Each structure stands twice: as C-alpha cells, then as structure tokens.
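For reference, the chains in residue letters:
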Amino acid sequence: MAVTFAQKKMAEELVDKLHHHFGREAADATKTQIFKACALLVRDRMSAGLVAQTEDQTRRDARQVHYLSLEFLLGRSLMKNAYNLGILDDMSGALKTLGYDPNDIFEAEADAGLGNGGLGRLAACYLDSMTTLGIPATGYSICYHYGIFRQKIIEGEQVELPDPWLETGDVWLMPRLDEAEEVRFGGRVETAWEDGRMRPVQTDYTSVLAIPMDMSIAGYETTQVNTLRLWNAKSPVQFDMSLFARGEYLRAVEQNALAEVISKVLYPEDNHFEGKMLRLRQQYFFVSATVQSVVRAHKARFGTLKDFHLRHVFQINDTHPTLVIPELMRILLDEEGMDWDEAWGIVTHSVAYTNHTILSEALERWPQQALEMLLPRIWQLLCEINNRLLTHLREDLSYSQEQCADNAVVWNGEVRMANLCVSACFAVNGVSALHSRILREDIFADAYRRAPEKFFNVTNGVDHRRWLAQVNPELHALIRDLCGDRYLTRPNDLHQLGRFENNPAVLAQLAVIKRRNKERMAKYIYDTAGVLVDPASLFDVQVKRLHEYKRQLLNVLHIIRLYNQLRDNPKLDVVPTTFLFGAKAASGYYIAKRIIRLIGSLAQQINSDKTVGDRLKVVFLENYRVSLAELLMPAAELSEQISTAGKEASGTGNMKFMFNGALTMGTLDGANVEMTEAVGEDNIFLFGLRAPEVESLVKSGYEPMQYYNQNPELRRVIDHVSQGFSDGVAYNDISSSLLLRDTYLLLADFDSYGKARARVSAAYRDQEHWNRMSLRNIAAAGHFSADRSVAQYAKYIWGINTGLKPENR
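Basis of the calculations
Residues numbered from 1 in each chain as written. Predicted model: local features only at pLDDT ≥ 70, side-chain atom pairs only at ≥ 80, totals over all residues. Heavy atoms only, no water. Buried < 20%, exposed > 50% of the residue type's maximum accessible area, 1.4 Å probe, protein only. Helix = DSSP H or I, 4+ residues; strand = E, 2+ residues; numbered from the N terminus. Arc of directions from axis to C-beta. Polar contact = N/O pair within 3.5 Å; in protein donor to acceptor, adjacent residues only side chain to side chain. Contact = heavy atoms within 4.5 Å. Pairing = 2+ DSSP bridges. Right-handed = clockwise from strand over helix to strand, strands pointing away.

Colleague: I keep staring at helix α28 (residues 691-700) and nothing clicks. Help me out?
Modeller: It helps to recall that an α-helix has 3.6 residues per turn; residues three or four apart then point in one direction. Along α28, the positions that sit buried rather than exposed are A691, V694 and L697. Projection of α28 onto a plane perpendicular to its axis shows the buried side chains occupying an angular sector of 125°, all on one side. Exposed and oriented more than 90 degrees from the buried face of α28 are P692, K699 and S700. A positive backbone phi angle near 100° is found at G701, which sits one or two residues after α28.

Colleague: How should I be thinking about the side chain of K518 in this particular structure?
Modeller: Summarising the element assignment, K518 is placed in helix α22 (residues 504-529). Polar side-chain contacts of K518 include one of 3.4 Å to the side chain of Y764. Setting aside its immediate chain neighbours within four residues, K518 contacts P535, A536, S537, F539, A635, E637 and Y764.

Colleague: Whenever I open this one, the sheet that holds strand β17 (residues 414-416) confuses me. Can you help?
Modeller: Adjacent strands of a sheet pair through backbone hydrogen bonds, lying either parallel or antiparallel. Read across the open sheet, the three strands follow the order β15-β17-β16; overall the sheet is antiparallel. Pairing within the sheet leaves two strands with one partner each, and these edge strands are β15 (365-367) and β16 (410-411). Taken together, the two bridges between β16 and β17 define a ladder with antiparallel strand orientation. Bridging across to β17, W411 finds its partner in E414.

Colleague: I'm lost on the pairing of strand β20 (residues 538-543) in this one. Help?
Modeller: Looking along a regular strand, one sees side chains alternate from face to face of the sheet. By the criterion of burial, β20 is predominantly enclosed, with six of the six residues buried. What you see with β20 is no split at all: L538, D540 and Q542 on one side and F539, V541 and V543 on the other are buried throughout. Bridging between β20 and strand β21 (residues 577-582) involves six bridges; their strand directions are parallel. What sits directly across from D540, in β21, is F579. Following the chain from β20 across helix α23 (residues 552-568) to the adjacent parallel β21, one finds a crossover that is right-handed. Pairing of β20 with strand β23 (residues 638-641), which is carried by two bridges, proceeds in the parallel orientation. Bridging from a neighbouring strand, D540 pairs with L638 of β23.

Structure, rendered in structure tokens:
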C-alpha cells in the first residue's frame, strides 16, 4: 500500500521526536522509545487544543465540572487518543514506514492501572464522553506510583506484585509545579485574631505538597481536550542536609518518604489502624488539593467566591471524595470569613454524589479517633454539621432516637460518609434503575422522604467507541457497511441493525468475525497459559473483581456438576465449552483468594483429564486488566453477570460484552434489568431469585443445609469441593461457608442456574438463531453508551447544555 503524505509527514515528526528526546535514529530506537515518541506527538496535538479551549471557555464563562474519583482505570492511552484525534491510521502507516509493526509499539505501553475495577473504568469512560460532548471538565485523582497490583499465580495462589506503570506512563504527565498546593495533617486548632476577626488556625501540623501531574484527554471528532489531574505527594523538605551531615542518613530523607507514601499505592490494605490512617490521608490529600486549586483559580478570575456554586460542580464518584464537603466549608469559613449559612448554601449547591453500592461494608465509616488525630479542623466542622443536622431532625421533623442514629453523620464513634453525602449534596444518584429504587426505598429512605427532589437515576454507560469500534474493528466495519458510522456519536443508531436480523449473509459474517476474534483469544491463552482451547467451543466468560456477591463460585459449582456428568457418562452429548475467568482479589480478602485457588485446582484437573478432552476447558486469565479485556470482549460469546439480585449496583462489563455481541447469562440485578427491557427476555438467559425474593428469603431465615440435603447433585458438588482435586488441595473452608452461611444464596439459585445453562446449550446448537440473538443485543446496546449517561448528568444534575437530548445519546 502506498504511503500517504500524512503518513510520511508523521514519520518525519516521529524521527524528530526520537532525535530531540532520545538521541536515537529510528533504526536504533527501542520499542519503548518509539512508543514514547508517538505519545509525545499525540500529546503535542492535545496540548495545542487545550490552550485554545481554555481561552474559549474563559470567554464563554462555561460551568466547570470537577469529577473526583479515587480511581481512573485508563488502560493504555496511545491508541485511544490517536483514535479520537483521527490520526490512528496515519500513525500506524508512519510506524510501518519506519520498519515497525504498529501492534508491537502499542503493546509497549503499560496499562495505567489507576483503579480496581468498574468504578475506575466508569470514570475513564465518562471523562472521554464529557470531552466528546464538549463539556468543560477535569478529572481528579492521585498519581499512584504503583497502580492496582500485577497479579501472578504461583502454585495456584494469587501473589501481588508492584505495577510500575509510570515506566512508560510518565510520558503522558505534565507536571505543573507552579500550581502545587499545601495539604495539612495533624496538629491542633487554635483561634487567632486576624483581619479584624477571630478565626481558627491549625498549628503544629505536617505539610505535604500536592504536585499536579496533568494528563490530557482527547475527545472524538471534536477540538475539545479535557484534563485528568493526578496529584503527586511530596514533602516541602526534600532533604535535611544537617541530619545527613551528622550521619543520620535515613532520617535525612524520612520526611519526604512519609509524604510520598500517600501517592505510592492504590488502596493500601486497611485491616489495621495504620492502613486506615493512610487511606484517610489519601482521600483528604487529593480532595483538599483539588478544592484549593479550583477555589484559587476561581478567585483569581472573579475576585469572590459568592458565585462559586454557579460556576462549578464537584461530582464525587462514590464516598471516597466526600471530604470535599467539609474542606470547602473550611475554606469558605476560615479563609473567606463567610458565616455558616452562606458557606453551607454554597457547598450544598456545589457538590453532587454518585452512590455505587448498597453493601454496608462499602459505605465508608471512619473511626472518630482517626479524624481527630489527622484532620482536627475537619473533625470540628463534621461535628458542627452533625449537630445542626440532628437538631433539625429532632426539633423540626420529630425524628426518634433510632431514626437520628440511622441518619447521623457522626454517631457512636464513627463518621459516616454516605450520610454526609445525602445530607449535604444537592443531587444523589444511583447507577441503575433497580439500584436507585433500593437507595430511595431502603438505604436512604429517610433522606428521600426529606428531599425527594435531589434523588436521580443515571444508569451507567461505557465508551462504545473504545469498547466496540476500537477493540473490534471488523465488527465496526460491518456496522459501518450496513448502517454507516454515525453510531459513533449517536449510539442509538445501532438499532438500525435490527433490519438485518433475518439476513443470512449478515448473520454469517457476524459469525466469521466472532470466530476470528476467538482464534486471537485462543492464541493468547496458549501463549500465556499453555492451555490449548478450541475456538469452535462456546467461550463462556466471567471477568470482574473477585467478590463473593459477584458469585464466581456459583459458576464454579456448575462446572463441577458438568464435569461430574461427563465423568459419569463420557459419551454425554454436551456443547463444548471453554470457561474463562479473570479476576483480582483484594490482598486481604481471604475467601476471594481461596476461590481463585479453587478455580486453579479445578482447571488443572479438568484440563488434564482425557475423558473430558476438548469438550470442557477451564482457564484463569492471569493479571486481568484493561488491555486484556480489549482482546477478550470481542471473543466472548456468553457473559456471566450472575450476582445476587439486589447486590450489584449496575455493572459495566455487562454492557461491553453486549456491544460486542455476547449474550448475557444473568440475574435480574443492576443494569441487567434494563438490558433485559432493551433486548427482550427471549434474547437473554435469566435465572435466579428476584431482589424482593432474596430479601424475603433472608428475612424468613435462609437455611442452606436444606438445599444441600434435598438435592443429591448439589450435595455431590459441595462434597467434591470439600474433598479437593487432583492437586491435593481441599476446600473445606469454602464448603463450610456455603453450608453454614451462604450469604449470597448460591445454593438457592443453583438449580435455576443449571436450567438456564440448559437453555444456553440449546440455543448455541442452532448457530443461526444464536447469531440472530447476538445481532439483537448489539442493536439494543446503544442505550448503554457513556454518552447517554453523561448527557443525563449534564442536563439533570450539572445544569449544562450539551446541545443534545440525553435520550438521543
């Protein structure tokens, strides 16, 4: 293929980058250096757009969105930014002219693993959509030196290794040393007469500098460029020369080391007090730096903070950034001299809260002692907020002591972050229709009755440009040929695919695309795990954070049942199936790590059993991450979304699979409910108890032993788990947990799950019917685009006009 002028020009630019930054010719450069040259080229283009855009926003006085999230799971950025800028083809061609395979260069970039799962991936998708829709927005988080750990499976056990993403990721970061902020910890609060008034003053504190490291984010088919600001922690005193001169070498760098630990690791283990204190430091660190920087910029421009809430909105992604509320109060009261009511009025019109969980253990509660020690002024403000709230509840609303206890911000030695959010934020939203209903009717029922107007639902969405067009280019080409490419900015246009559901040629092409993607995935599995899987088998996939409520264990129990059936009858006619798992367990989550070990034991036994052959394979995909998901999603045929009904807030993996034509095996939980409404029950495999049935069964006294005693097949499976597998490892702890507690009702849903699996097998045997169902899922997926979600936030919560109707996005 002839080299275009644009490709030739870009190749020259890349050579220039190599000369100036690495002193290398293209032929002598490493793949990492070539990658960084590409990244610098892309960064230059985004920086030019950022400058022009900042000037435009200054003229328009546009309201700014500040999206605070402790996680931003970006994955790799080079392909994504080049794709959005419309230069991906030119860059690929330029790399080829320089003698490089573009895929090798894109693979040289490490995943920016600044997140644990769906929360961080959602934040990344939303930042992309905010940019594409022209919303002036900045994301804020911590510049973790090590992201979510790199998972290694050694002798079946998960081992957590450091993930040094900055070795390649630093190329995207632009330090803004002139915009550093000081964050203060510890000490005590005194009062002092300053500027004609008494004001609180924090003394004997420890200072930490927050250095902004800015990463530009390109939008699709727009000149808009937004910023992800990652705060890096440093000590004001980098090095104590006097201590060093006295031979106290470690103490000479101690202060800086203690500061830097704040931004060292994502989610330090918090099963001890020191871990809790570090997490609290992290949360206040990035919140305080963010609020100070936004306030400083606003005051420099407008001279007053009285109109702050009209020009800014802080969207907090779950409870981790909740301290934005008292921190903004601190600035308005202590530094600006406002009275309480004026400051509270500004704060309560500036902050909005997205809840992502109903699990009690995930609704953050901090020990009072930690706040008192670490954040003394913030603690005083929390107490005042709490006192005013309780006075209102008791005197104005006649709340009982029990109701006050449920709604208090501070109670019984704890600070409850979710209660602070619902009492102070002007908007509270859930992330699926079912989840939002549970928030209104159960978790925050009292708050909803007090202020129903502040509660919203915004069902999650995903970046369909990345999770369909970019990762599945053959499917994108088919859609473009059939319906055009307007769906890239109007995702609901995917519904036009419905016209082709009875077109044999289209269904056959869909099958060909899926088969090629499966072959690529099978090669990856063989190269990395040494397991040979049949691309003709059904690829059944469950990839997500390992948590008991997500019920990877239910899937395992079914596989054991199927394995037992094949052992009993080697001639049994079954649909050949490859079960693919991918998950990371929190380092201190014992039972989750045991489930990973169990999957490994089961895989080892099944994959070496010649009786089973290629009819059944089990593979655990080590170190599941965004870049691996980009390979896996297009290859998946069945998506396991099997959480206990009422426990999953929404999910986003389910949507990515849907965009790529996988069919869903799921409970009516989270966004599965709305996916069912979109695609119809005939095109999804539902099973299990509904949320009200779960609640009723638990309240009536659930007895898992009854299911064990009454179902011989289930009893055999549980006994198999207890006795262990060919590697000699037994799992009595897991079987005992199921029989004594079964908190997430696996045994209650075991039979229903098996019946749904039978429906899956029957459907898969009719490949034309299966492909038709797949096409219907793709056609219905447009509603689950992040563009639609962000447009709803903009219209209903942020008060920003995108020029587009949310229902059309």
